[in-house]
Amino acid sequence: MGCNASCSGDRTTTSYEVSPEEKISNPGSMPNHEKHRAVYARAEGETDLTTNEVKLVLTKEDIKKKLVEPFMKALEGESRNVTELKPDEPPKKEGEDGDNDQNNANSNEEPNHIAKLASEQQFTGDATKIKSLKLTNSDIRDLGVEVLLEYALSNIESIELDRNNITATGARLLSEKASWAKLEHLKLAENEIGVEGAEALSKNFSMKNLTTLDLSKCKLENKGVIALSRNHSWVKLTTLDLSDNNFDNDGLVALAKNASWKNLTTLILSSNKTPGAGGATELSNNQSWVNLTTLELAYNDLGAEGAAALSSNTTWTNLTTLNLKHNGIGAEGAEAIAKNTSWKNLTTLDLSWNKIGDKGITELSKNTTWENLTTLHVAWNKITDEGAKEISQNTSWVKLSTLDLGYNNIGDEGATALRKNTTWTDLTTFIFRNNNIGVKGAKALSENETWTKLASLDLGYNNLGPDGASGLSQNNSWKELAILNLRGNLIGDNGAAGLSKSYSWKNLLKVDLRNNNIGKEGEKTLRNKWPKLEIELENPQA
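Bear in mind the structure is a predicted one, so any value in this text is a computation, not a measurement. The residue numbering used here restarts from 1 in each chain and proceeds along that chain's sequence as written. Per-residue local features are limited, in this predicted model, to residues with pLDDT of at least 70; the limit for side-chain atom pairs, both in listing and counting, is 80 or more; totals at the level of whole chains, interfaces and linings are taken over all residues. Remark: hydrogens and water are excluded; side-chain values derive from all non-hydrogen atoms of the structure.

### Description of the overall build of the protein
Heads up, the rule is: Each helix is a run of DSSP H or I of at least 4 residues and each strand a run of E of at least 2, with the numbering of both proceeding from the N terminus. Under the scheme applied here, a residue whose accessible area is under 20% of the maximum for its type counts as buried, over 50% as exposed, and between as partly exposed, the area being computed with a 1.4 Å probe on protein chains only. The criterion used for residue contact is that any of the two residues' heavy atoms lie within 4.5 Å. We get accessible surface area from the Shrake-Rupley algorithm with a probe of 1.4 Å; when it comes to residues, only the shown protein chains can shield them.
Of regular secondary structure, the protein possesses 19 helices and 20 strands. The buried share of the protein, reckoned over its 542 residues, is 50%. Within the protein, residue pairs in contact and separated by at least 24 positions form 83% of the contacts whose partners lie at least 6 positions apart. Surface summary for the protein: the accessible area is close to 25,800 Å², and the carbon and sulfur share equals 46%.

### So, the packing of aromatic side chains
What counts, and what does not: Note on ring pairs: Phe, Tyr and Trp rings are taken, using the six-membered ring of Trp, and paired if centres are within 6.5 Å. Classes follow the plane angle, with under 30 degrees stacked, over 60 edge-to-face and the rest tilted. For a ring to carry a charge above it, either NZ of a lysine or CZ of an arginine must fall within 6 Å of the ring centroid while also lying within 35 degrees of the normal to the ring plane.
In this structure the tally under the stated criterion is seven aromatic pairs. An angle of 65° between the planes, with centres 5.0 Å apart, marks the rings of Phe71 and Phe123 as edge-to-face. One end of the pair, Phe71, is in helix 3 (residues 60–78); the other, Phe123, is in the loop between helix 4 (100–118) and strand 5 (132–134), and 52 residues separate them in sequence. Taken together, the ring pairs in this structure connect Phe71, Phe123 and Tyr151 into an aromatic cluster. Above the plane of the ring of Tyr503 lies Lys529, whose end atom (NZ or CZ) is 5.5 Å from the centre.

### Looking at helix 7 (residues 194–202)
Looking only at helix 7, the buried set comprises Gly194, Gly197, Ala198, Ala200, Leu201 and Ser202. Lining the buried residues of helix 7 we find helix 6 (168–177) and helix 8 (221–229).

### Here's the deal with the packing of helix 15 (residues 412–419) against helix 16 (residues 439–446)
Selection criterion: All axes are obtained by fitting lines to C-alpha atoms, using only the stretch in contact for helices, and the reported angles, taken between N-to-C directions, cover 0 to 180 degrees. An angle counts as roughly parallel when it lies under 35 degrees, as roughly antiparallel when it exceeds 145, as roughly perpendicular when it falls between 65 and 115, and as oblique in every other case. Classification convention: Asp, Glu, Lys, Arg as charged; Ala, Val, Leu, Ile, Met, Phe, Trp, Tyr, Cys, Pro as nonpolar; all other residues, Gly among them, as polar.
Two elements in contact, helix 15 and helix 16, have axes separated by 8 Å at closest approach and are oriented at 5°. Here helix 15 lies roughly parallel to helix 16, going by the angle between them. Touching Asp412, Ala415, Thr416 and Arg419 of helix 15 are Lys440, Gly441, Ala444 and Leu445, all from helix 16. Each residue belonging to the contact of helix 15 with helix 16 can be placed in one class, and the counts come to three nonpolar, two polar and three charged.

### As for the side chain of Thr315
Filter applied, for reference: Residues adjacent in sequence count toward polar contacts only when both atoms are side-chain atoms; beyond that, a polar contact is any pair of N or O atoms within 3.5 Å, and within protein one must be able to donate a hydrogen and the other to accept it.
Assignment of secondary structure puts Thr315 in the loop between helix 11 (303–311) and strand 12 (321–323). Only 3.5 Å separates the side chain of Thr315 from the side chain of Gln287, close enough to count as a polar contact. In this view, Thr315 contacts Asn286, Gln287, Trp289 and Val290; residues no more than four positions away in its chain are not counted.

### Digging into unusual backbone geometry
Despite not being glycine, Asn246 has its phi angle at roughly 60°, a positive value. Along the chain, Asn246 falls in the loop between strand 9 (239–241) and helix 9 (249–256). The class of Asn246 is partly exposed, set by a relative accessible area of 41%. The phi dihedral of Tyr407 falls on the positive side, at around 55°, and the residue is not glycine. Mapping Tyr407 onto the fold places it in the loop between strand 15 (402–404) and helix 15.

### Quick word on the pattern of salt bridges
The condition is simple: Salt bridges are defined as contacts in which a side-chain nitrogen from Lys or Arg sits within 4 Å of a carboxyl oxygen from Asp or Glu.
Inspection of the entire model under this criterion finds 20 salt bridges. Two residues, Glu192 and Lys219, come together in a salt bridge whose shortest N-O distance is 2.9 Å. Here Glu192, found in the loop between strand 7 (185–187) and helix 7, pairs with Lys219, found in the loop between strand 8 (212–214) and helix 8; they are 27 residues apart in sequence, far enough to count as distant. Lys453 is paired through a salt bridge with Asp426; the nearest N and O atoms lie 2.7 Å apart. Highlighted residues: Lys453 in the loop between helix 16 and strand 17 (456–458) and Asp426 in the loop between helix 15 and strand 16 (429–431), separated in sequence by 27 residues. By relative accessible area, which is 25% here, Asp426 ends up partly exposed.

### So, the environment of Ile437
Position of Ile437 among the secondary structure elements: in the loop between strand 16 and helix 16. Considering only alpha carbons, one finds Ile437 and Asn462, 25 residues apart in sequence, at a separation of 5.7 Å. Not counting residues up to four positions away in its chain, the partners in contact with Ile437 are Ile410, Gly411, Asp412, Ala415, Phe432, Ala442, Leu445, Leu459, Asn462, Asn463 and Leu464.

Right, dumping it as structure tokens:
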């Protein structure tokens, strides 16, 4: 055992570094939360000498015990209306109801019965009755996959195996030996599947009813994605998540060439490395995914060229959701996206973190194709008053219900212009946090008479001050307002008093007023006005 000592004044602190060997031979030398791990490690002698981490070694018996509770929960979910006999309970005779009080007692004891069964060493029920199984973060590993395959899960339709330290070996077992012909949903996210695992899965032919496959954060890289793109058996696939897998344009090009997944509706490819127009061009040229409704490409590096390539697509006429957040498309890319005329069903567009600026938002506001647009996210885009003025003049987004203009540089003039918009009569959520509006802007917004359906307003971290809060409260058209965020506006007790004078916000449910220097007097005023309102405050000032 090594000892490191350090002295400071009259105090001496000593820390001990426990060697891997000592952890195994003497579990008492380590923290309590590691002792149970050392028992297994001592038996098997498995230690990571580079990190000093004693790894828990599992046996089949350990896995089987791990599976008892989730199996029982799955059965309970599938058989809520089926009466299960307790171990020593004889079958009731026909017409025998028994005492009502006793029946109620038995009903109350049912959860304990499940818990008792879950404490058994292995599952002995009928696995064929299980249709949905959730094993997220259960650390069953490859051995767990092998054990799962020993059960008769012939009717399984959905299984979640994410975060289980499953490697290519486990993926290969699933692909080659799982006889889950009815499986529709398979979640393998955040495992160590890798290239070899993806190659094995791509060769699967038994899961012909698969509709949802989640392989996000599985270290697939280009080769793994290319292998998956060659699959021809998952013809019913509707949702594919390959986000955060470190593949680039080569992988994207391969995916775009797949012609088997004609039922694909949702494709999630966020957080990879697909720069420029190369992969995006091939993707936009895909002619097979005519049913595509959701495409997520956030946190890539498409740039203006990639955005322009996607915009040229004419196949995805059913597209409703497009997420291009954080792609550096700039004003030029926004202009290209705005020129698209085929996405007439688009309802949600996320262009946050793209530096589109005033020019980009101006071009977007001119779009007349997206008449069904309900949600627009353009936060973090360096939009100023000029851009706000331009978007306020939009007349085509008549169904817009959520507008996110947060984290820009819009001041009082921009707020005044937005207030004058008369098109967005369905607006329910307006996010305007972290801009530069002050008293004048707050009072201008309060004069809006169009957004009569507004239910959530976020003006956090602006410069309202007490007068801005008082001015805002004079609004008389937002009668459906339920959530109000004014965090970080330094409104103080006077601002709280001003808010309490509102006569129209009778449906208010929650107000965030943290970081506003509101004292006990301000809190009292607010709670007298709205006794049942959920008010978020830090400890009030004295």
